[in-house]
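# Understanding the architecture of this molecule
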Amino acid sequence: MKKKLATVLAGGAALMLALSGCGDDNSEELNAWAKKVCDGVQPQAKKIQAANASIQEDSSDKAPPKDVKETDSKAFQDISDAYRKIGSVIDRAGPPAVENGEKKQKDAVKELNSIADSYADLKKQVDKLKTDDQAEFADGLKEVGAELQKLSGSGSDALKRLEEGEVGEAMRQQPTCEAGGGAGSKSDA
């Protein structure tokens, strides 16, 4: 169950990291926007990657429930904070200089904040789990895993629309987006 939880979490991180490199105009304004976004996203991508790694490290069935609870709680908080900061980065960068740029930007920020809220809710769920009964704890983790499954299956349409076409091309040209591109790959758990 814990391995499945870690795999689902890694898939959720891939959603955010779609920003790290995905379309034709190389205008200076758009490139400057992409640089702001990529430079701000890259450190957050690393935080999400580290949170995923911590969950995977503690995902063995031999880890005590208390350790798993602490690790998962911290990881969910870190991921929530990272998504919120990415939303803030995109918000501060302003709309990209493309058709419907303002709508794309606002939709992406709204989606990122919603994802951050969802991870914060998962943290609250984990924090409520009792660790004194292994079976009860495992059942609680299953519920968290089900919520995480729904979260990872939630759409990333706003992010995909933001990075389409010219925006994606400008982002792919940024070294920090290029460097963060591998961070979103799903890991086998």
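Residues numbered from 1 in each chain as written. Predicted model: local features only at pLDDT ≥ 70, side-chain atom pairs only at ≥ 80, totals over all residues. Heavy atoms only, no water.

## Focus on the overall build of the chain
Defined as follows: Secondary structure elements follow DSSP: runs of H or I of four or more residues count as helices, runs of E of two or more count as strands, with numbering from the N terminus. Only protein chains enter the area calculation, which uses a 1.4 Å probe; residues under 20% of their type maximum are buried, those over 50% are exposed, and those in between are partly exposed. Here, Shrake-Rupley sampling with a 1.4 Å probe gives the accessible areas, and only protein chains in the shown set may cover a residue.
Summing up its helical and strand segments, the chain has eight helices and zero strands in all. Of all 189 residues assigned to the chain, the portion counted as buried reaches 47%. Accessible surface, the chain as shown: approximately 9,300 Å² in total, 47% of it carbon and sulfur.

## A word on the environment of Ile 90
By the secondary structure assignment, Ile 90 is in helix H3 (residues 65-93). We classify Ile 90 as buried; its relative accessible area is 0%.

## Description of H3
Note the cut-off: The span expected for a helix works out to 1.5 Å for each residue beyond the first.
Between its terminal C-alpha atoms H3 stretches 42 Å, which fits the 42 Å expected from 29 residues at 1.5 Å a residue. Taken from the residues just after H3, Gly 94 is the one with a positive phi, measuring 80 degrees.

## Comments concerning the confidence of the model for the chain
We count it as follows: On a range of 0 to 100, pLDDT expresses the predictor's confidence in each residue. Here, two residues are considered to be in contact whenever any of their heavy atoms come within 4.5 Å of each other.
In the predicted model, the chain carries a mean pLDDT of 81, and 77% of its residues have values of at least 70. Confidence scores differ between elements of the chain, with helix H1 (residues 2-17) showing the lowest mean pLDDT of 51 and H3 the highest of 95. pLDDT under 50 marks residues 20-26. Its contacts with residues more than four places away, or in other chains, come to 28 contacts.

## Remarks on unusual backbone geometry
Positioned with a positive phi, Asn 100 is a non-glycine residue whose angle comes to about 60 degrees. Of note, Asn 100 is situated in the loop between H3 and helix H4 (101-128).

## Points about the packing of helix H2 (residues 28-57) against H3
The test is simple: Interaxial angle, 0 to 180 degrees, is taken between N-to-C directions of lines fitted to C-alpha atoms, where a helix line uses only the stretch in contact. Reported orientations rely on four angle classes, namely roughly parallel under 35 degrees, roughly antiparallel over 145, roughly perpendicular from 65 to 115, and oblique for the rest. Residue polarity follows a fixed list, in which Ala, Val, Leu, Ile, Met, Phe, Trp, Tyr, Cys and Pro are nonpolar, Asp, Glu, Lys and Arg are charged, and the others, Gly among them, are polar.
At a minimum axis distance of 9 Å, the contact between H2 and H3 shows a crossing angle of 175 degrees. In terms of axis orientation, H2 runs roughly antiparallel to H3. Of the residues contributing to the contact of H2 with H3, the split by class is 15 nonpolar, five polar and five charged.

## Concerning the pattern of salt bridges
This is how the line gets drawn: Think of a salt bridge as a Lys or Arg side-chain nitrogen and an Asp or Glu carboxyl oxygen that are within 4 Å of each other.
Applying the stated criterion to the full structure yields eight salt bridges. Notably, a salt bridge pairs Asp 117 with Arg 84, separated by 2.5 Å at the nearest N-O pair. Residue Asp 117 is located in helix H4, and its partner Arg 84 is located in helix H3; the two are separated by 33 residues in the primary sequence. Given the relative accessible area of 33%, Arg 84 is considered partly exposed. One salt bridge connects Lys 106 with Glu 102, and the closest N-O pair in it is separated by 3.5 Å. In this pair, Lys 106 and Glu 102 both sit in helix H4, four residues apart, roughly one turn of the helix.

## A look at a negative patch on the surface
Inclusion rule: Only residues whose relative accessible area exceeds 30% and that form no salt bridge are eligible for patches; like-charged ones are grouped when within 9 Å, while nonpolar side chains (Val, Leu, Ile, Met, Phe, Trp, Tyr) are grouped when within 5 Å. Neither His nor the chain ends contribute to the count of charged residues, in which Lys and Arg are positive and Asp and Glu negative. Charge positions come from single atoms, namely NZ of Lys, CZ of Arg, CG of Asp or CD of Glu.
A cluster of acidic residues, Asp 132, Asp 133, Glu 136, Asp 139 and Glu 143, forms a negative patch at the surface. You can see Asp 132 is positioned in the loop between H4 and helix H5 (134-153). Under the relative-accessibility criterion, Asp 132 is labelled exposed at 70%.

## Observations regarding the side chain of Thr 71
Residue placement: Thr 71 occurs in helix H3. Of the residues examined, Thr 71 reaches a relative accessible area of 17% and is grouped as buried.

## Observations regarding the packing of aromatic side chains
Any pair of aromatic rings gets described here by the distance separating the centres and the angle formed by the planes. Note the following rule: Within 6.5 Å between ring centres, the rings of Phe, Tyr and Trp (the latter by its six-membered ring) count as paired, and their orientation is classed by plane angle as stacked under 30 degrees, edge-to-face over 60, tilted in between.
Applying the stated criterion across every chain, the model contains two aromatic pairs. Plain terms: the ring middles of Phe 76 and Tyr 119 are 6.1 Å apart, the flat faces sit at 40 degrees to each other, and that makes the pair tilted. Of the two residues, Phe 76 sits in helix H3 while Tyr 119 sits in helix H4, which places them 43 residues apart along the sequence. For the pair formed by Phe 76 and Tyr 119, the shared burial category is buried. A centroid spacing of 5.6 Å and a plane angle of 10 degrees characterise the contact between Tyr 83 and Tyr 119, whose relative ring orientation is stacked. Separated by 36 residues along the polypeptide, Tyr 83 in helix H3 and Tyr 119 in helix H4 bring together distant segments of the chain. Overall, Tyr 83 belongs to the buried group, its relative accessible area being 0%. The class of Tyr 119 is buried, set by a relative accessible area of 1%.

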